[in-house]
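Residue strings, one per chain:
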Amino acid sequence: MTKETLLQVAYNAAEDKKAEDIVVLNMEGISLLADFFVICTGNSDRQVQSIAKEIMDKAHEEGHEVKSVEGFDSARWILVDLGDVVAHVFHKDERSYYNLERLWREAPQMEI
């Protein structure tokens, strides 16, 4: 699976679970962590966990390994590491506080 396909899988999974304010940052040449960040918001702990689980499930269905998951139990900021793509699923109360878009402002936003 190409990294672009994996990006589309993660984006679609978040969209399918009604994630809000989905932003994709192109991190190529900016960060060694990943080539793409998918950043999105859920309105409740349950929705945040549902979005993250859907991203993991869809990646598995496509034969891609989930490298690690952080923050699932607290459901405030769940990080799903898929290798080339890292999904950041925020609770609505946490998204503006961490403001990854500002932190990584040199990364161009992509339209999916």
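Above this text sits the structure in question.
The model shown is predicted, which means the values in this text are computed figures rather than measured ones. (Residues numbered from 1 in each chain as written. Predicted model: local features only at pLDDT ≥ 70, side-chain atom pairs only at ≥ 80, totals over all residues. Heavy atoms only, no water.)

A. How the structure looks around the overall build of the chain. When helices and strands are counted, the chain shows 4 helices and 6 strands. When the helices and strands of the chain are placed in sequence order, the string is α-β-β-α-β-β-β-α-α-β. The C-alpha radius of gyration of the chain comes to 13 Å, within 12% of the 13 Å expected for a compact globule of 112 residues. By principal-axis analysis of the C-alpha atoms, the chain measures approximately 35 × 30 × 25 Å. Out of the 112 residues in the chain, the part that is buried amounts to 46%. Of the contacts made within the chain by residues no fewer than 6 positions apart, 58% connect residues no fewer than 24 positions apart. Accessible area for the chain stands at about 6000 Å²; split by element, carbon and sulfur atoms hold 45% of it. Taking the 12 positively charged and 22 negatively charged side chains of the chain as two groups, their mean positions are separated by 5 Å. (Helix = DSSP H or I, 4+ residues; strand = E, 2+ residues; numbered from the N terminus. Rg over C-alpha atoms; globule rule 2.2 N^0.38 Å. Buried < 20%, exposed > 50% of the residue type's maximum accessible area, 1.4 Å probe, protein only. Contact = heavy atoms within 4.5 Å. Areas by Shrake-Rupley, 256 points an atom, 1.4 Å probe, with all protein chains shown as cover. Lys, Arg positive; Asp, Glu negative; His and termini not counted. Charge placed at Lys NZ, Arg CZ, Asp CG, Glu CD.)

B. Molecular detail of the pairing of strand β2 (residues 36–42). For β2, the buried fraction is high: 7 of the 7 residues fall into the buried class. Burial along β2 is two-sided: the face carrying Phe-36, Val-38, Cys-40 and Gly-42 and the face carrying Phe-37, Ile-39 and Thr-41 are both buried.

C. Fine view of the packing of aromatic side chains. This structure, assessed with the given rule, holds 5 aromatic pairs. Ring geometry for Tyr-97 and Tyr-98: centres 4.9 Å apart, planes at 90 degrees, overall edge-to-face. On the basis of relative accessible area, Tyr-97 is assigned to the exposed category, the value being 61%. Through successive ring pairs, a cluster of aromatic residues spans Trp-77, Phe-90, Tyr-97 and Tyr-98. (Phe/Tyr/Trp six-rings, centres within 6.5 Å; stacked < 30°, edge-to-face > 60°.)

D. Inspection of helix α2 (residues 45–61) at higher detail. Over its 17 residues, α2 runs 24 Å from end to end, which matches the ideal 24 Å to within 8%, given 1.5 Å per residue. Within α2, burial applies to Gln-47, Val-48, Ile-51, Ala-52, Glu-54, Ile-55, Met-56 and Ala-59. Next to the buried residues of α2 lie α1 (3–16), β2, β3 (68–70), β4 (77–81) and β5 (85–91). Looking one or two residues beyond α2, the residue adopting positive phi is Gly-63, at roughly 80 degrees. (Expected span 1.5 Å × (residues − 1).)

E. Fine view of the sheet that holds β2. Ordered in space as β3-β4-β5-β2-β1-β6, the 6 strands form an open sheet in which the pairing is mixed. Looking at which strands have only one partner, the edges of the open sheet turn out to be β3 and β6 (109–110). Judged from the 2 bridges that link them, strand β1 (residues 20–26) and β6 form a sheet pairing that is antiparallel. Along β6, the bridge assignment pairs Val-24 with Met-110. On top of the sheet, α1 reaches β1, β2, β5 and β6; it is set at about 5 degrees to β2, its chief contact. Against the sheet, α2 touches β2, β3, β4 and β5, its axis set at about 165 degrees to β5. (Pairing = 2+ DSSP bridges. Axes fitted to C-alpha atoms, helices over the stretch in contact; angles between N-to-C directions.)

Any link to function would need more than the numbers given here.
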